[in-house]
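Examining the three-dimensional arrangement
Given next are the chains, with one letter for each unit.
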Amino acid sequence: MTSTAEQATGSEQSEPVAGGGGTRGAGAGGTGGSGGAGFGRPVRPGRGARRRSAVASRAPLVLLAPAAILLLALVVYPLVRLVVISFQDYGLRAIFTGEAGFAGVSNYTNVLTDASFWPVILRTVLVTGAMVLGTIVIGMGVAQLLTRLGVAMRTVVSVVLVLAWAMPNVASSLVWQWLFQPFYGVLNWLITQLRVFGDHTQDNWASHPGQAYTIVLTLVIWQAVPFVALTLYAAQSQIAPEYYEAGALDGASTWTMYRAITLPALAPTLLLVSILSVIWDFNVFNQIWLLTRGGPEEATLTLGIWTFVKSFVSNAYGQGAAIAVISTVILGALTSYYIRRLVRSGEEDL
């Protein structure tokens, strides 16, 4: 015979749970008041979880804030200030008084109608193209050479490349100036000692357009090749050796494997270093100014040199700012296509 306590317990265990489809018992969390939330009720996060979620959502902004502040201070503000000055009558008087009148588009009109404008534009584009082409071709050759060297020799060559790349361009320009200096220049002395080309002791390389371009181009390419070579070598070393083994088994030559395997694998890296080379070489200033000062007879006058001459030699800061703005627009147009391709290739890889 069942007792009254056992009947009460049995009825309690078989009582349906409100909102749930099962029975309330110890396993269902319904007894004793603990676990009062039955099946089917959503669990709401506590305050601690919400606080951690808010902190996590703000973490990227906090981490990016220092870089954003530096970018605004060092890039955005100077660029905005440059655009403002290009529309002002900014000269020596404005420097001392801090007041500059509004000039409208007269600075741009004077620059665009200047007889030197289009020759300078064409010269800058051609010089930039020659520098970039020479840098990429020689850099690819050095990168290929690094893949063929032993560990010890590769280390030596890499250290030499890094040292050449790390040298400040002002210091390297002064060294180059000494190498090609008349009377005391090392290169003139070596050419004279060959007794083939005659006496070149007094030859001034900066006084002839062809020789002036020779020393400028060799200096810029010499400084830029290490970065391109080491970057391409790093990318080339990531190519799986199985591809080359398969090519060798098929009887492919070294050039065929380089064209069919290496170049497609290096395409994204080549695109990146080409964009960077265009940006750097388009803005070359120190090397040209220290070696030739834009001469002889404006033969090496590029946009960077012309901007400096207009601003700090002629004291026409408004026109110099206008030239700088035009240079920025031209450089943006030259690199926009490659940047779009680089972004598109990155999205395809994802």
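This is a predicted model, so every value here is computed, not measured. (Residues numbered from 1 in each chain as written. Predicted model: local features only at pLDDT ≥ 70, side-chain atom pairs only at ≥ 80, totals over all residues. Heavy atoms only, no water.)

1. Structural notes on the overall build of the protein chain
The secondary structure content of the protein chain amounts to 14 helices and two strands. When burial is assessed residue by residue, the protein chain has 32% of its 350 residues classed as buried. Intrachain contacts of the protein chain at a sequence separation of at least 6 include 62% that bridge at least 24 residues. Roughly 21,700 Å² of accessible area belongs to the protein chain as shown, and the carbon and sulfur atoms make up 66% of that amount. (Helix = DSSP H or I, 4+ residues; strand = E, 2+ residues; numbered from the N terminus. Buried < 20%, exposed > 50% of the residue type's maximum accessible area, 1.4 Å probe, protein only. Contact = heavy atoms within 4.5 Å. Areas by Shrake-Rupley, 256 points an atom, 1.4 Å probe, with all protein chains shown as cover.)

2. Description of helix α13 (residues 303-313)
Three or more residues of α13 are buried, namely L303, I305, W306, T307, K310 and S311. A positive phi of about 60° marks N315, the residue just after α13.

3. A look at the layout of surface pockets
By volume, the largest pocket amounts to about 490 Å³. Taken together, 18 residues form the lining of the largest pocket, with L82, N283, T307, A324 and T328 sitting closest to its centre. Those elements that provide at least two residues to the lining of the largest pocket are α2 (47-86), α13 and α14 (317-349). Take the lining of the largest pocket: its biggest share by element is seven residues, from α14. Here the residues of the lining of the largest pocket sort into eleven nonpolar, seven polar and no charged. In terms of lining, the second largest pocket is formed by 13 residues, of which the most central are N169, Q223, A224, W280 and Q287. Taken together, the elements giving at least two residues each to the lining of the second largest pocket come down to α9 (209-236) and α11 (254-282). Examining the composition of the lining of the second largest pocket, we find that four residues originate from one element, α9, more than from any other. The residue inventory of the lining of the second largest pocket, partitioned by class, reads seven nonpolar, five polar and one charged. (1 Å grid on protein atoms, 1.4 Å probe; cavity = no way out; pocket = protein on both sides within 12 Å on 5 of 7 lines; lining within 4 Å. Points joined across faces, edges and corners; volume = space filled by probe spheres on them. Nonpolar A, V, L, I, M, F, W, Y, C, P; charged D, E, K, R; others polar.)

4. Some words on the packing of helix α6 (residues 151-166) against α9
Direction vectors running N to C along α6 and α9 enclose 135°, while the axes themselves pass 8 Å from each other. Looking at the two axes, α6 sits oblique to α9. Viewed along their axes, α6 and α9 form a crossing whose handedness is left-handed. Of the residues in α9, those in contact with R154, S158, L161, V162, A164 and W165 of α6 are W222, Q223, P226, F227, A229, L230 and Y233. (Axes fitted to C-alpha atoms, helices over the stretch in contact; angles between N-to-C directions. Parallel < 35°, antiparallel > 145°, perpendicular 65-115°, else oblique. Left-handed = near helix turned anticlockwise from the far one by under 90°.)

So far we have only geometry, and geometry alone does not tell us how the molecule works.
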